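Notes for the structure review
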Amino acid sequence: MKKNTFLLFTFLLFFPFGLLIAGEGMWIPMLLERLNEKEMREMGMKITAEDIYSINQASIKDAIVMFGGGCTGEIVSNQGLLLTNHHCGYGAIQRHSSLENDYLTNGFWAMSREEELPNENLNATMLMEMKDVTNAVLEGVSDNMTESERSKKITENKKSLIESAKKDTEYHVVIEDFFIGNQYFMIYEQVFKDIRLVGAPPSNIGKFGGDTDNWMWPRHTGDFAVFRIYVGDDNKPKSYSDDNVPYKPAYHLPISLKGAEKDDFTFVFGYPARTNEYLPSFAIDQQVNITNPIRIKIRQIRLDIFTKYTNNDPKVRIQYASKHAGVANGWKKMIGESKGVRRARGVEKKQQFEQQFNIWANSNVQYKNLISKFDEVYERILPYNLAYYYMIEAGYGVELINFARAFTNLSKIDKTTEKEAIEKMLADAQRRSESFFKDYHLPLDKEVAEALLAIYYNEQPIDFRPDFLNLINTKYKNDVKAYVAYLFAESIFTSPEKVAAMLNNFNYKKAQQLQKDPAFVAAKSISYFYTNKVMETINSIDDEINEMRRVYMRAQMEMQPEKRFYPDANSTLRVSYGKVEGFKPADAVTYKHFTTLDGIMEKENPDIYDYVVEERLKELYKAKDYGRYADKDGSVHVAFIASNHTTGGNSGSPLFNAEGHLIGINFDRCWEGTMSDLMYDPSICRNISVDIRYVLFIIDKFAGASHLIDEMTIVQ
Ligand code: ARG
Ligand code: GLU
């Protein structure tokens, strides 16, 4: 027995679990030279790590921004021209749209600088420099501190480090934690505040395939939009002003028309938001087999009801387009993720690793019982996590209740509340009410309420559901429909007129009435339940989990000293690299690595909203009027896939070839591989990009905005 253990142990030393396979990883730009450059060059890269990230000279990083807080964008001209995804610019495009100027439907192209449209509250953040400050952040922190002592000390250290750093810089300074609190980087950044909309294709192109094709390959979406960064005349960030000028970047991306060939080296540079690659098996098991399925089920029911109504009524379809997209995006992602982990036997693999870990940790007091403690603590948090998900998905899935929740502040005013404060709340409420009812369809929401509240009521144990649901039992003899009928009949939140009447001459007496409104009662009951019965426990168990995960992360690194580790995504700038390649999604099926304009014509169906093709695009196709944007095979390539490790936030990220030239814009992942947020599998995890030649073809040939192409640096 002893001998076997020894053998296994030596085996592990030489073949550590999860040997890193090219394709996996979201790497820190500053550490590329040390950790990745050699491998990247072996895979075909012709440039250096210093060309990608440098603080001494202009480098590719100077052309990359976090766009609008949740996406990535890249600068492609010396005039601050910026590319990102259509779905990242969607909000901005929508806000500039009206019935007369419907830019979502028809697209938008500024034919001169004057026509470029400013966007309130849209930022682009550029990383200027990063520094490892781990030792300074952890100074005075010791292993025998409690979690709260520890985090207090760290917060203090961070604060003083940031304060002193700020003395010597005009940049914005933040400190981010990596490897679950085992490493800290100080990040200097510039935040641009005047970002204008320059161009967007019609949704038939920018969102072609819609939710039907979302997360799927083969894909034909021209998911791009064009913006421009404006600055003050000192070339520094400045809020919108008439006399701002286009930003002159230190570097802008050259664009290649050569395309992406099979097996070509490629890398992505952008802002992945969140991954969890180092979770214990218990956490993954719960997510994949318990919480995802519940959330999927609830969303499925909601989506079915959406579809039933939107299919029959074009007005409702527009009203619910964005809500549908949001609910469906997460729903589909979770389905793919659960399937992918099961198919890869992910939980079993993690369990095997944990067995090996236990053998290794056996003589270490700190690590020895970690795995069994994980088991216990995840078991303990499960009912609370479920309470949270039922609340979010089922409770607040009812729009009426969610809307009523927004009136919490108003409901609290009393005789002493200042007039000015009330006025402001009323103005907010009025605005919110207008935007809510613009996109609200009551019969749909009522049906959603019947379905979702029934699930909430029937599936959550009494002590894990908010009090208002118990009315269904005490007053309505378990008849959810009867309760919902009462809810919708009595609440004022069902009509804009009733809400307006309530807001008119609002005073503390009306606030008291508001408190009795059944939709408000439901909303309040949910939030009371969450704050008093769930939040505290979740937070305190989460503290335990975070501490354990931090220790486990460190232990995994100690156990496998030969392995190169990459930190989980945390919305900081990262590099992923891989190859342009297809994959086998299922037995007997093989996917090629690119799609073409022929595929768009093949999918065309004027009766299906997601597959309507623009006339102009058909004309260009018929005439084969492709300019210089066709591939050497004669067709226009639309999208391609590659084995780069990406996640949400990488939307809009540039795809580079071996020379460091732009060849595509990332916008999605293939469904079969969405479990890469939990575990990357190089055989099926693929990111999806729109081919830059299709982007230029649309700008130039379709939209006639060739002045934008003239600004760019195109290499043949
Ligand atoms: N799945 C992509 C992402 O996670 C695209 C989402 C937008 N597109 C859509 N059809 N809903 O952001
Ligand atoms: N569409 C995603 C985004 O908005 C990228 C897809 C993914 O999750 O990889 O960032």
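Residues numbered from 1 in each chain as written. Chains lettered and ligands numbered in written order. Predicted model: local features only at pLDDT ≥ 70, side-chain atom pairs only at ≥ 80, totals over all residues. Heavy atoms only, no water.

So, on to the packing of helix 22 (residues 508-516) against helix 23 (residues 518-559). For the pair helix 22 and helix 23, the least separation of the axes is 5 Å and the interaxial angle reads 75°. Comparing the axis directions of helix 22 and helix 23 gives the class roughly perpendicular. Taken together, the residues of helix 23 that come into contact with helix 22 (itself represented by Leu514, Gln515 and Lys516) are Pro518, Phe520, Val521 and Lys524. Considering only residue class, the contact of helix 22 with helix 23 consists of four nonpolar, one polar and two charged. (Axes fitted to C-alpha atoms, helices over the stretch in contact; angles between N-to-C directions. Helix = DSSP H or I, 4+ residues; strand = E, 2+ residues; numbered from the N terminus. Parallel < 35°, antiparallel > 145°, perpendicular 65-115°, else oblique. Contact = heavy atoms within 4.5 Å. Nonpolar A, V, L, I, M, F, W, Y, C, P; charged D, E, K, R; others polar.)

What follows covers unusual backbone geometry. Cis peptide bonds are those with omega within 30 degrees of zero, and the linkage from Trp217 to Pro218 qualifies with 0°. Structurally, the position occupied by Pro218 is in the loop between helix 10 (210-213) and strand 10 (225-231). At Trp215, a residue that is not glycine, the phi angle is positive and equals roughly 65°. Within the chain, Asn478 stands out as a residue other than glycine whose phi angle is a positive 65°. Looking at the element boundaries, Asn478 is found in the loop between helix 19 (470-474) and helix 20 (480-490).

The next thing to look at is the state of the cysteines. A covalent bond between the sulfur atoms of two cysteines is referred to as a disulfide. In this structure the tally under the stated criterion is one disulfide. Two residues, Cys71 and Cys88, share a disulfide whose sulfurs are 2.2 Å apart. Judged by the sign of its S-S torsion, about -80°, the bond between Cys71 and Cys88 is left-handed. Of this pair, Cys71 sits in strand 2 (residues 71-75) while Cys88 sits in helix 5 (residues 86-95), placing them 17 residues apart in sequence. Classification of Cys88 as buried rests on a relative accessible area of 14%. (Disulfide = S-S within 2.5 Å. Buried < 20%, exposed > 50% of the residue type's maximum accessible area, 1.4 Å probe, protein only.)

Relative to the helices and strands, Glu116 resides in the loop between strand 4 (108-109) and strand 5 (117-118). Among the polar contacts made by the side chain of Glu116, one reaches the side chain of Arg228 at a distance of 2.9 Å. Contacts of Glu116, omitting those with residues within four sequence positions, involve Ala110, Arg196, Leu197, Val198, Arg228 and Tyr230. (Polar contact = N/O pair within 3.5 Å; in protein donor to acceptor, adjacent residues only side chain to side chain.)

Approximately 1600 Å³ is the volume attributed to the second largest pocket. Lining the second largest pocket we find 45 residues, and of these Arg317, Ile318, Ala321, Ser322 and Tyr609 sit closest to its centre. Secondary structure elements with two or more residues in the lining of the second largest pocket: helix 5, helix 6 (103-106), helix 9 (203-206), helix 10, helix 11 (281-312) and helix 12 (314-343). No other element matches helix 12, which puts 13 residues into the lining of the second largest pocket. (1 Å grid on protein atoms, 1.4 Å probe; cavity = no way out; pocket = protein on both sides within 12 Å on 5 of 7 lines; lining within 4 Å. Points joined across faces, edges and corners; volume = space filled by probe spheres on them.)

Take the pattern of salt bridges next. This structure, assessed with the given rule, holds 39 salt bridges. We note a salt bridge from Glu170 to Lys236, for which the minimum N-O separation is 3.2 Å. Remark: Lys236 occurs in the loop between strand 10 and strand 11 (245-246) and Glu170 occurs in the loop between helix 8 (147-167) and strand 7 (172-178); sequence separation between them is 66 residues. A salt bridge links Arg299 to Glu393, with the nearest nitrogen and oxygen atoms 2.9 Å apart. With Arg299 in helix 11 and Glu393 in helix 14 (residues 370-395), the pair connects residues that are 94 residues apart, well separated along the chain. Of the two residues examined, Arg299 and Glu393, each falls in the buried class. (Salt bridge = Lys/Arg side-chain N within 4 Å of Asp/Glu carboxyl O.)

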